[in-house]
Amino acid sequence: MTSLGAVFRPQLPPERLRAIARAADDAGLEELWLWEDCFLEGGISAAAAALAWTDRLRVGVGLLPVPLRNVAVTAMEAATLHRLFPGRPVLGVGHGVQDWMGQVGARAESPVTLLREYLTALRALLAGERVSTEGRYVKLDAVALDWPPPAPVPILAGATGPRSLKLSGEAADGTILTANTSPEGVREARRLVDEGRASASRTDADAPHTVVVYLLTATGPDATARLQAEQRAEGVASVPDLGVAGDAADVAKAVRRLTDAGADTVILQPTADEPDPEGFIRFTAEEVRPLVP
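Fair warning: this is a prediction, and the values are worked out from it, not measured in the lab.

### What to know about the overall build of the chain
For the chain, the count of helices and strands is 10 helices and 11 strands. Here the chain has a C-alpha radius of gyration of 18 Å; the compact-globule value for 293 residues is 19 Å, and the two agree. Viewed in the frame of its principal axes, the chain has a C-alpha envelope of about 60 × 40 × 40 Å. Per-residue burial for the chain yields a buried fraction of 54% across its 293 residues. When contacts within the chain are restricted to residue pairs at least 6 apart in sequence, those whose partners lie at least 24 apart make up 73%. With the model as given, the accessible surface of the chain reaches about 12,900 Å², and the carbon-plus-sulfur share is 51%. Where the 29 positive side-chain charges of the chain centre and where its 39 negative ones centre are 2 Å apart.

Written as structure tokens, this is what we have:
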């Protein structure tokens, strides 16, 4: 069964999160995803609040930019969330937008090397191991969590380029793809992820690798205009098969195209100027979900 969710975009002020998280929980939405985009809102703090305000909702952070965060801090925060709200947090890490990383003096010369070292250390720490490593970027001296998660937790990696997608297959438990990923892009991403998994001798018998993809979505009378305006702003207006504007049936068809291409989870991403964020949540849960197998 396809997992379906929606994004709380950080273009909304943080004080809007409670009402939207509660609307998601009440409507039966499976997943609400948050972004730690610079310089808008903190991913862990927002996730903790959303989890505390709800009872059953899974809350994803896609993603935490690793140049900004010492891996031990991320491990402590992830472990705390998983102990407080077992089975409900979903955390992804990634390179971050390089211009933003440069603004704060954290830009890595080799983002792929940093992400590889980070994923290896983070997953070991969350597994309760005592970690010592002297990498190019990640350096730990006998670090272990006093309160690791009581059960294994997946860590996802945001990836776009071929090297990062292969790395995600090698070293992460899942991959997050942006809304600029077409169905054909999902197929190619899944191929590269599987190539990385094979190189690391990882199989579905060990644990399946989840592919999460955002789908830019607009509904309502001005849906097409809003969708096209955002795609023009992103410079992807000429890319075929990106995004969807229309009613629940139209959106469900777009979701199925992505799942047929290899996505396991599709997260509907409203436009930044969505006029009714709570209504978008209810639309996802009550109208689109019944049409998605």
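So that's the structure; there's more coming.
### Describing the side chain of Thr175
Among the structural elements, Thr175 can be located in strand β8 (residues 174-177). At 2.6 Å, the side chain of Thr175 forms a polar contact with the side chain of Ser168.

### Topic: helix α8 (residues 223-234)
Here α8 contains 12 residues, and its C-alpha end-to-end distance of 17 Å stays within 8% of the 16 Å for a straight helix at 1.5 Å per residue. The set of residues buried in α8 consists of Ala223, Arg226, Leu227, Glu230 and Gln231. One side of α8 holds all its buried residues, which, seen down the axis, span an arc of 130 degrees. Among the exposed residues of α8, those oriented more than 90 degrees off its buried face are Arg232 and Ala233. Contacts from the buried residues of α8 go to β9 (210-218), β10 (244-245) and β11 (265-270). Of the residues one or two after α8, Gly235 is the one with positive phi, at around 75 degrees.

Reading the values: rules and limits
Residues numbered from 1 in each chain as written. Predicted model: local features only at pLDDT ≥ 70, side-chain atom pairs only at ≥ 80, totals over all residues. Heavy atoms only, no water. Helix = DSSP H or I, 4+ residues; strand = E, 2+ residues; numbered from the N terminus. Rg over C-alpha atoms; globule rule 2.2 N^0.38 Å. Buried < 20%, exposed > 50% of the residue type's maximum accessible area, 1.4 Å probe, protein only. Contact = heavy atoms within 4.5 Å. Areas by Shrake-Rupley, 256 points an atom, 1.4 Å probe, with all protein chains shown as cover. Lys, Arg positive; Asp, Glu negative; His and termini not counted. Charge placed at Lys NZ, Arg CZ, Asp CG, Glu CD. Polar contact = N/O pair within 3.5 Å; in protein donor to acceptor, adjacent residues only side chain to side chain. Expected span 1.5 Å × (residues − 1). Arc of directions from axis to C-beta.

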